Protein chains: 2
Amino acid sequence: MTKWVKRMVTIKEVAKHAGVSVATVSRALNKNGYVSDEARKKVEAAIRELEYYPNEVARSLFQKTSKMIGLLLPDISNPYFPLLMKGIEESARENGYSVILGNVEEGSELGEDYMTLFAQQNVAGVLSAVEGTLSHGSSMPIVMLDRVLEEDDFAVYTNDVKGGKLAAQAVLDRDPGNVLIIAGPKSVPGAIDRLIGILSVLNPSDVTYQIYETTSYTIEEAEETARNIFIKYKKIDSVIASNDLFALAVMKEAQQKGLRIPDDIQVIGYDDIPFSQLIYPGLTTISQPAFKLGYQAADLLVSRIRKNKIEEKRIKLDPKLVIRDSLREKMESEDG
Amino acid sequence: MTKWVKRMVTIKEVAKHAGVSVATVSRALNKNGYVSDEARKKVEAAIRELEYYPNEVARSLFQKTSKMIGLLLPDISNPYFPLLMKGIEESARENGYSVILGNVEEGSELGEDYMTLFAQQNVAGVLSAVEGTLSHGSSMPIVMLDRVLEEDDFAVYTNDVKGGKLAAQAVLDRDPGNVLIIAGPKSVPGAIDRLIGILSVLNPSDVTYQIYETTSYTIEEAEETARNIFIKYKKIDSVIASNDLFALAVMKEAQQKGLRIPDDIQVIGYDDIPFSQLIYPGLTTISQPAFKLGYQAADLLVSRIRKNKIEEKRIKLDPKLVIRDSLREKMESEDG
DNA sequence: TTTACGTCTGTAACCGATTACACATTTTAT
DNA sequence: ATAAAATGTGTAATCGGTTACAGACGTAAA
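Being a predicted model, the structure only gives us computed values, none of them experimental.

Undergrad: Help me get a handle on the pairing of strand β9 (residues 266-271) of chain A, residues and values and all.
TA: All names here are of chain A. The element β9 is extensively covered by neighbouring structure, given that 6 of its 6 residues are classed as buried. Pairing of strand β8 (residues 238-240) with β9 involves 3 bridges; the strand directions are parallel. Within β9, the position partnered with Val239 by the bridge is Val267. One crossover worth recording links β8 to the parallel β9 by way of helix α10 (residues 244-256), and it is right-handed. Bridge count for β9 against strand β10 (residues 284-287) is 4 bridges, and the pairing is parallel.

Undergrad: I'd love a proper account of the relation of the copies chain A and chain B, names of residues and values included.
TA: Once turned by 180° and shifted 0.0 Å along the axis, chain A lies on chain B with an RMSD of 0.0 Å. This pairing of chains is accounted for by a two-fold axis. Distance from the rotation axis, computed per C-alpha, reaches its smallest value in chain A at Ile100 of chain A: 2.2 Å. Most of the interface of chain A is mirrored in chain B, where 100% of its interface residues again form contacts.

Undergrad: Run through the side chain of Thr284 of chain B, naming residues and quoting values.
TA: Residue and element names in this part refer to chain B. Looking at where Thr284 falls in the secondary structure, it is placed in strand β10 (residues 284-287). Among the polar contacts listed, one links the side chain of Thr284 to the backbone nitrogen of Arg324, at a separation of 2.7 Å. For Thr284, the contacting residues outside a window of four places in its chain are Val267, Ile268, Gly269, Leu321, Val322, Ile323, Arg324, Asp325, Ser326 and Leu327.

Undergrad: Any chance you could break down the pattern of salt bridges for me, citing the residues and the numbers?
TA: Taken as a whole, this structure holds 22 salt bridges over all chains when the rule is applied. Note that Glu253 of chain A is salt-bridged to Lys257 of chain A, the shortest N-O span being 3.5 Å. Look at Glu253 of chain A and you get buried, because its relative accessible area is 13%. Among the residues examined, Lys257 of chain A registers a relative accessible area of 48% and is labelled partly exposed. For the salt bridge of Arg260 of chain B with Asp264 of chain B, the shortest nitrogen-to-oxygen distance reads 3.1 Å. For Asp264 of chain B, a relative accessible area of 26% gives the class partly exposed.

Parameters and conventions
Residues numbered from 1 in each chain as written. Chains lettered and ligands numbered in written order. Predicted model: local features only at pLDDT ≥ 70, side-chain atom pairs only at ≥ 80, totals over all residues. Heavy atoms only, no water. Buried < 20%, exposed > 50% of the residue type's maximum accessible area, 1.4 Å probe, protein only. Helix = DSSP H or I, 4+ residues; strand = E, 2+ residues; numbered from the N terminus. Pairing = 2+ DSSP bridges. Right-handed = clockwise from strand over helix to strand, strands pointing away. Least-squares fit on C-alpha atoms with pLDDT ≥ 70 in both. Contact = heavy atoms within 4.5 Å. Polar contact = N/O pair within 3.5 Å; in protein donor to acceptor, adjacent residues only side chain to side chain. Salt bridge = Lys/Arg side-chain N within 4 Å of Asp/Glu carboxyl O.

As structure tokens, this is what we get:
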């Protein structure tokens, strides 16, 4: 049995097979200019018989744009990203776009390289969750993911201040005692907003709290942090973590020390990564709509690409409190 | 301040600026034919001054191939994939390739669509972890990821039989009692191999075991399974789970029932997803080298694309046992 | 009947690169 | 000294599409 290598059929062959010119085939394909019913039918038949699919590269060359969007993420292995990516991929696909992946360690200059690469590939637009993404002076539309650079950027993000408030209020309602706030890196705008939200709730109250600041979101630092806080602070009754990873690490360390959760120490996380419901006790956390965020961001980008009318250039999504078992029972509210 | 839209510089402009023909620029760029030192210098200067980057689309059109590889994954949100993707992305980038993402629900026909799309984009090759990926009759090189289709496929995968043996031996060494095997969907070849490995160790011994078969790898089914097994089976002393997700779910359910791990019930997982070290007690599991797998697969694909000599068309990576705290203490070996 | 417009089609230019080919010049071999 | 080979360069064809343009119809308006 001979192994045939299928060559892609070209528009020229379709034209010949249908007995018309390439221009007519192209017009029929794109429903552009005038095409008679007769010609259209012949073309459609030829396309079907030859199994013709237009070469997107040739198209892209002429159009100076393509059906691809670039995606720039800082560290894919972050457990929060899979859902985000799924949302992006799904929305992009539904709109006829595919996604080129770019992974960049935060702070590296790879971001610029990728922007150049995207430009070389004629991508139609870029989704970026990377801090230093410059618009490369180019005409590529960009939509920021959960990070906002400048005032006039297009962006889809979650209301981190509100998320911080939600988390703080949840512990405030539940016999807080001494509160430890594990704050994310201050280089990450979202982390700052969360802290602002937390403090805006805690400050007016009379709880005592302390802040432990971290420098990254890696698992290693999460474990180290968990070890440190139990050494550094005498008595912690509540922990508000900057994300679920840190919350999990703290819970593990506490359990290893024989502390009961939530009785001896209660913990609240942030993100609601899928695992948070699979551990014991279930982690109470602030849910970020990762899938939705990705989906909407891709949608917004496509709207920009198509120059559709855009109602709002920045979409703010609301996080919400997901109650599981890592917080204590709610105290009776004093004000009814 | 006027907002300038930077247009991409073309080879023609570089040629004019350098005072040579486009052919010479192209030759200098690709270090192909003869180019005098003088011409080369002029070209390099022009490139630098104009900030020229070749249009990859135009290149791709002529070459009938591109600097992109397609990646087909069944359900990105699987926690095992982020590391895999990171490996792929890194290796691809080092080799000058970028990655187009394709997410496909297992069993859907989207896989075929994506293969067509990849062909339309002139991708240089495809990495696929999807069962039904046909080679589309086309000339695109394919490397399978952790799934093997036919005898003559190129593939990078882990030795699942060995992984199964490792897991089974680990519990066999630790006062197994009644063993429950949670087997993955039999539609997944890897799951079958793991089961084969497990049974090859358990059968010659005198432990009693039962098999619970699952149909997917979703979190929902993991939770449901965890609930079911404690109803269906009277006394379980050891659980060998098909992956960490299921192991986690079982551990949670057990802990909720007041069972102590590993004293009352011991659990071993599979995959070693990053969370397994963040839960309490730490999950003993079989580590799959996800990053390495992705990295090597991309490497193998690039070798195929470049028609390099390939020593082995299928690379088998060894899983290894990662001991944490979810298994009991090892018994004294009888033949020590 | 002439003019105008709408419909339909094909030829050829174009997008931005690569490379076959022709030609010129230099170097090497005989 | 002369042939042969190596070096250097530009023109034009090519990849596979899209579309401006021109020409050929048919029909409606004047």
